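# Architecture at a glance
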Amino acid sequence: MVKQTAGRDSLGSFAPKFAELNDDVLFGEVWSREAALDLKTRSIVTVSALVSKGLIDSSFSYHLTTAKNNGVTRSEMAEILTHLAFYAGWPNAWAAFRMAVEVYADDECDADESANGVACANGTADASAPQSCMFGLGAPNDAYAQYFVGNSYLNPLTDASKTVFVANVTFEPGCRNNWHIHHADQGGGQILLCTDGRGWYREWGCEARELHPGDVVFIPAGVKHWHGAAKDSWFSHVAFEAPGDNCSNEWCEPVESAEYEALA
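Let us look at the structure shown here. (Residues numbered from 1 in each chain as written. Predicted model: local features only at pLDDT ≥ 70, side-chain atom pairs only at ≥ 80, totals over all residues. Heavy atoms only, no water.)

Our next topic: helix α2 (residues 16-30). A bend of about 25° at Asn22 is the largest found in α2. Considered for burial, the residues of α2 that qualify are Ala19, Asn22, Asp23 and Phe27. (Bend = angle between axes of the 7 residues up to and from the residue. Helix = DSSP H or I, 4+ residues; strand = E, 2+ residues; numbered from the N terminus. Buried < 20%, exposed > 50% of the residue type's maximum accessible area, 1.4 Å probe, protein only.)

Along strand β8 (residues 190-197), eight of the eight residues are buried, which leaves the element largely enclosed by surrounding structure. Relative to strand β11 (residues 216-219), β8 runs antiparallel, the two being bridged by four bridges. The residue bridging Leu192 from the neighbouring strand is Val217, located in β11. Pairing geometry for β8 and strand β13 (residues 235-241), over seven bridges, is antiparallel. Within the sheet, the bridge partner assigned to Gln190 lies in β13 and is Glu241. (Pairing = 2+ DSSP bridges.)

Evaluated as defined, the whole model comprises 10 aromatic pairs. A centroid spacing of 6.3 Å and a plane angle of 50° characterise the contact between Phe148 and Trp251, whose relative ring orientation is tilted. With Phe148 in strand β2 (residues 148-149) and Trp251 in strand β15 (residues 248-251), the pair connects residues that are 103 residues apart, well separated along the chain. On the basis of an interplanar angle of 75° and a centroid distance of 4.8 Å, the ring pair of Trp179 and Trp204 is categorised as edge-to-face. Here Trp179, found in the loop between β5 (176-177) and β6 (180-183), pairs with Trp204, found in the loop between β9 (199-203) and β10 (209-211); they are 25 residues apart in sequence, far enough to count as distant. Note on Trp204: relative accessible area 52%, which makes it exposed. A network of ring pairs unites the aromatic residues Tyr144, Tyr147, Phe148, Phe171, Phe235 and Trp251 as a single cluster. Directly above the ring of Tyr260 sits Arg176, whose terminal nitrogen or CZ lies 4.1 Å from the centroid. (Phe/Tyr/Trp six-rings, centres within 6.5 Å; stacked < 30°, edge-to-face > 60°. Lys NZ or Arg CZ within 6 Å of the ring centre and 35° of its normal.)

Set out below in structure tokens:
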């Protein structure tokens, strides 16, 4: 273990006892008990506790970096935070993901991700590959291909038979879905959490909205709309249906090429 001095550096003169307990006991005696619990597992437990408390600050960035150094891979961290979202709250997990993307930004895909054909960012603006493998590319979205212009990919993140169905959708550059409407007698609609690349969302009769990682789109039931990638960028979002009564989806006409091409 590396000798921790953060407590003494920040609070040594103001709260010397707290600094001692932080550096010597917590990060000294407790974290050094590797025979009882290895460092990787301790990092996972610590990250989980901080996300559950909503403590997404500079100390959380430190623990993410520590987790990475202790062997928690990019794909493992993505799975950990996805799992935590359903126990610690979606906003807490979303905030944690933003910081995790920064901490793992320079990492290449894990071996298991590469074996499954998931592309990773390499620091270039090359539009021939997705910008991130945070949630994985998934498989070609063949079941809904008739409702898309261009190729899209679907990676289910939850089991619809057990909970709310959540999936990552990735669009190749220029890909967009048709105009469509989410119907519901009460409630319903759809929520999009933008994770990678650059895309567009447009409601019928409204100006198009440019989308970037961190953007959230709530689509009320009954609103005709479409969403997809920009012409020069891959784009990914996590999508899930908002709870409602008698929900259904109506697919409409494709987006006119001239309308799409006019977008920057």
